[in-house]
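# Summary of structural features
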Amino acid sequence: MALPACAARALGPPLQPERGAPARTTCPRRHSRVEAELAASRPGAVAASVRAGPPRGVSRGFNSQPLLDEPLKASSSVAGAARTPLFALLPRGRRRRMHDLRRRWDLGSLCRALLTRGLAALGHSLKHVLGAIFSKIFGPLASVGNMDEKSNKLLLALVMLFLFAVIVLQYVCPGTECQLLRLQAFSSPMPDPYRSEDESSARFVPRYNFSRGDLLRKVDFDIKGDDLIVFLHIQKTGGTTFGRHLVRNIQLEQPCECRVGQKKCTCHRPGKRETWLFSRFSTGWSCGLHADWTELTSCVPAVVDGKRDARLRPSRNFHYITILRDPVSRYLSEWRHVQRGATWKASLHVCDGRPPTSEELPSCYTGDDWSGCPLKEFMDCPYNLANNRQVRMLSDLTLVGCYNLSVMPEKQRNKVLLESAKSNLKHMAFFGLTEFQRKTQYLFEKTFNMNFISPFTQYNTTRASSVEINEEIQKRIEGLNFLDMELYSYAKDLFLQRYQFMRQKEHQEARQKRQEQRKFLKGRFLQTHFQSQGQSQSQSQSQNPSQNPSQNPNLNANQNVTQNLIQNLTQNSSQKENRESQKQNPGQEPSDGSASNGTNDYIGSVEKWR
């Protein structure tokens, strides 16, 4: 940009380095200083140098006022207007406000400065505090007060690591019930995963008297043979989750083959192209959607061996299993499922070789589904199959004329259905409860001698638990499902007694094994002791062949010591076994019975088991 002639005359000729002056350097600070000295040596360039401010790289003093605020000289107003930046042309108050805003909004520099100064102050304070502590403890040996810069950085790093660990711990364990902070983890290194699973008391008082055959469930399931496990899936009892465990979570010689995107898995026996599991996720709904006891017992043999000649059919063992749930929770869960559009129209309800008529089993809705129905309408339908569903699906409906309600009085019908459901449930190979997932896993593993890969998970928060009902509605649901309520009470008592019986049997077998190990060790000890005595006797006889053994007092003393040792060991072992049996069965007479005697004692006093 060319300047006017008057401005050029006011400024004078351009500055030229004098002869002998140092040449231009690459260092900007030195170059600026040289230019300033050359400009100061020219008499006409003082005003220009003052207006241009300090040279590049040279800072003003702390108390110096900015030179831009000084009034410009009248003789060089045009040159000052051309050389001064646009920021200097603004009014003084506007320039100051813009300068304050620029400093105020420089948040990055401000945060870095605050963080650096805060950490430095914290490290300095900690250094002095630790120095005082160490000086008090160690006296003249402490030299923390003279820590160098490396020690300060190390201390600061430790403090930051501690703060980071505290923040991470707050994210991982936000509450006071964190597993990592429980002192019980130190007192009980291996807690019992089956105790108080449903947040109830660990002590269980049985209500029903069951025989040893009812409690002992040990199925000789031969997966390589012809035995078959049949899963009776009742709606909204957690059967879908348990069915997935059966096909995906069992340790098998030949695991089930499950493909992505397919619901059914191929569960063949080892070396055979034949299934060992009859369930939704292995064979599908071969006997109808959610087939009940009446349908499965008449359908499964025909489906499995229907293509074979009756004379060539093997003698199979059909092991029926099922899962039950609390009736109120199951009822609410089914209502929510129906609200979302579930109908189960594909269920056949075959009984005595035919499905029920529309007069025997009317429908509760007229449209395609019952979606969006309120709970009151769901409870008001007298033909709703959700009422007492578990009793109906576990009983033999042929005993009451299937779905024909005119065969016998309602009271007698309900009694027959309940007794049939209890009997079928008791004689099943296995049944589990949704509210006891880990105990269900334990009993299944002990019953079929099959282990799961990963443990079951107890979900206490479900769709049914999210439904808030008052006491009146709950009592009405219990009244509509009074048969299911009695069946669930019976099933829960039998389930917990079976669990305690199996646990006690396991403890007795482990104790018997430890006793056998102790006896073996005692025998080894006595054998080595006798061998050492025989060697010492042979050595003494070889040294003194003419001496009579009866005249050797040391030999007699050794024999007496050996006999006393054997008696003491026998007495100690018997006393220890008696003490253990008394601890296991308090209040009973001590006896030297085996594990079978202990299981017989359990039947009479199951509430005293621990």
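What you see as residue numbers is a count from 1 along each chain, following the sequence as written. Totals for whole chains, interfaces and linings use every residue, but because this is a predicted model, local features are given only for residues with pLDDT of at least 70 and side-chain atom pairs only at 80 or more, for both listing and counting. Side-chain numbers here rest on the full set of heavy atoms in the structure, without hydrogens or water.

On to the overall build of the protein chain, then. Secondary structure follows DSSP: runs of H or I at least 4 residues long count as helices, runs of E at least 2 residues long count as strands, and numbering of each begins at the N terminus. In terms of regular secondary structure, the protein chain is built from 20 helices and four strands. To sort residues, take the accessible area from a 1.4 Å probe on protein chains only and compare it with the maximum for the residue type: under 20% means buried, over 50% means exposed, and anything in between is partly exposed. Across the 610 residues of the protein chain, 33% fall into the buried class. In what follows, residue pairs with any heavy atoms lying within 4.5 Å of each other are defined as contacts. The contacts of the protein chain with a sequence gap of at least 6 include a subset with a gap of at least 24, amounting to 72%. Here the accessible surface of atoms and residues is derived via Shrake-Rupley with a 1.4 Å probe, and residues count as covered only by protein chains that are part of the display. Total accessible area computed for the protein chain in this model is approximately 39300 Å², and 54% of it derives from carbon and sulfur atoms.

By definition here, a salt bridge exists when the distance from a side-chain nitrogen of Lys or Arg to a carboxyl oxygen of Asp or Glu is within 4 Å. Inspection of the entire model under this criterion finds 15 salt bridges. Here K446 and E506 are joined by a salt bridge, their closest N and O atoms 3.8 Å apart. Of this pair, K446 sits in helix 16 (residues 437-448) while E506 sits in helix 18 (residues 482-543), and the two are 60 residues apart along the sequence. The class of K446 is partly exposed, set by a relative accessible area of 27%.

Here the focus is the state of the cysteines. The disulfide criterion used throughout: a pair of cysteine sulfur atoms within 2.5 Å. Enumeration over the complete set of coordinates arrives at five disulfides. In this model C351 forms its disulfide with C402; the gap between the sulfur atoms is 1.9 Å. An S-S torsion of about -75° defines the bridge between C351 and C402 as left-handed. Of this pair, C351 sits in the loop between helix 12 (327-339) and helix 13 (375-380) while C402 sits in the loop between helix 14 (389-394) and helix 15 (410-427); the two residues are 51 residues apart in sequence, bridging distant segments of the chain.

Time to look at the pairing of strand 3 (residues 318-324). Taken across its seven residues, strand 3 has six buried, putting it largely inside the fold. Here a strand pair is declared whenever DSSP counts at least two bridges between the two strands. Sheet analysis places strand 1 (residues 228-232) next to strand 3, joined by five bridges and oriented parallel. Pairing of L232 across the sheet is with T322, part of strand 3.

Counting through the fold element by element, S282 comes out in the loop between strand 2 (277-278) and helix 11 (293-305). Classification of S282 as buried rests on a relative accessible area of 11%. Polar contacts, as used here, are pairs of N or O atoms within 3.5 Å; protein pairs need one atom able to donate a hydrogen and one able to accept it. Residues neighboring in sequence count only if both atoms are side-chain atoms. Side-chain polar atoms of S282 contact the backbone oxygen of L277, separated by 2.8 Å. Those residues in contact with S282 that sit more than four places away from it in its chain are K264, C265, C267 and L277.

This part takes up a nonpolar patch on the surface. Note that patches include only residues with greater than 30% relative accessible area and no salt bridge, and the join distances are 9 Å for like charges and 5 Å for nonpolar side chains (Val, Leu, Ile, Met, Phe, Trp, Tyr). Taken together, the side chains of M160, F162, L163 and V166 define a hydrophobic patch exposed on the protein surface, amounting to about 360 Å² of accessible area. Tracing the sequence through the fold places M160 in helix 7 (residues 149-172).

Before going further, it helps to spend a moment on the environment of R248. On the secondary structure map, R248 appears in helix 10 (residues 239-248). Sequence separation between R248 and S454 is 206 residues, and the spatial gap between their C-alpha atoms is 10.0 Å. Dropping the residues within four chain positions of it, R248 is found in contact with C258, Q262, C265 and I453.

Time to look at the sheet that holds strand 1. Read across the open sheet, the four strands follow the order 2-1-3-4; overall the sheet is parallel. Both outer strands of the open sheet, strand 2 and strand 4 (430-433), are each paired with one neighbouring strand and no more. As defined by bridge partners, strand 3 adjoins strand 4 across four bridges and the pair is classed as parallel. Bridging across to strand 4, I323 finds its partner in G432. Simply put, an axis is a line fit to the C-alpha atoms, just over the touching stretch for a helix, and the angle between two N-to-C directions goes from 0 to 180 degrees. Contacts between helix 11 and the sheet are confined to strand 1, strand 2 and strand 3, with strand 1 contributing the most and set at about 145° to the helix. In this fold helix 16 packs onto strand 1, strand 3 and strand 4, with an angle of close to 170° to the strand it touches most, strand 4.

Interaxial distance between helix 12 and helix 17 (residues 471-480) falls to 10 Å at its minimum, and their mutual angle equals 95°. The angle between the axes of helix 12 and helix 17 places the two elements in the roughly perpendicular class. Together, V328, Y331 and L332 of helix 12 and Q474, I477, E478 and L480 of helix 17 make up the contact between the two elements. Throughout this entry, Asp, Glu, Lys and Arg are counted as charged residues, while Ala, Val, Leu, Ile, Met, Phe, Trp, Tyr, Cys and Pro are counted as nonpolar. The remaining residues, Gly among them, count as polar. Among the residues making up the contact of helix 12 with helix 17, the classes are represented as five nonpolar, one polar and one charged. Roughly parallel means an angle under 35 degrees; roughly antiparallel, over 145; roughly perpendicular, 65 to 115; everything else is oblique.

All right, on to the environment of T275 then. Residue position: T275 is located in the loop between helix 10 and strand 2. Of the residues examined, T275 reaches a relative accessible area of 22% and is grouped as partly exposed. As for T275 and L228, which are separated by 47 residues in sequence, their C-alpha atoms are 7.9 Å apart. Not counting residues up to four positions away in its chain, the partners in contact with T275 are L228, C267, H268, R269 and T283. A distance of 2.9 Å separates a polar side-chain atom of T275 from the backbone oxygen of L277.

A few words on the nonpolar core. Ranked by size, the top nonpolar core spans 70 residues in total, and within it F242, W276, L296, I321, L394, F444 and F448 carry the most contacts. With 11 residues, the top contributor of residues to this core is helix 18. Apart from residues no more than four positions distant in its own chain, L296 is found in contact with V230, F231, L232, F278, C287, A291, P301 and Y320. We define the nonpolar core as a collection of buried residues of types Ala, Val, Leu, Ile, Met, Phe, Trp, Tyr and Cys that are connected through side-chain atoms lying within 4.5 Å of one another. Core analysis: the second largest hydrophobic core is formed by 17 residues, Y331, L332, V338 and C381 among them.

Looking now at helix 12. For helix 12, with 13 residues, the first-to-last C-alpha span of 18 Å sits near the 18 Å given by 1.5 Å per residue. Along helix 12, the positions that sit buried rather than exposed are P327, V328, R330, Y331, L332, S333, E334, W335 and V338. Just past helix 12, the residue G341 takes up positive phi, approximately 115°. What a helix should span is 1.5 Å times the count of its residues minus one.

The next subject is the confidence of the model for the protein chain. With 62% of its residues at a pLDDT of 70 or more, the protein chain shows a mean pLDDT of 76. Here helix 8 (residues 184-187) stands out as the element of the protein chain with the lowest mean pLDDT, 42, in contrast to helix 14, whose mean of 98 is the highest. Values of pLDDT, which run from 0 to 100, indicate the predictor's confidence residue by residue. Taken together, the stretch residues 17-26 has pLDDT below 50 and engages in nine contacts with residues farther than four places along the chain or on a different chain. This stretch, residues 43-84, has a pLDDT under 50; its non-local contacts, to residues over four places away or in other chains, come to 33 contacts.

Turning our eyes to something else, we now look at unusual backbone geometry. Negative phi characterises most residues that are not glycine, and trans characterises most peptide bonds. With a phi angle near 60°, K236 is a residue other than glycine that sits in the positive phi range. With respect to the element layout, K236 can be found in the loop between strand 1 and helix 10. If you check the backbone angles, H290 has positive phi at about 50° while not being a glycine. Along the polypeptide, H290 turns up in the loop between strand 2 and helix 11. Residue classification places H290 among the buried positions, given a relative accessible area of 10%.

This next bit is on the environment of L119. Take L119: it is sitting in helix 6 (residues 107-138). By relative accessible area, L119 is classed as partly exposed at 22%. Along the chain, L119 and M160 lie 41 residues apart, while their C-alpha atoms are 9.2 Å from each other. Setting aside its immediate chain neighbours within four residues, L119 contacts L156 and M160.

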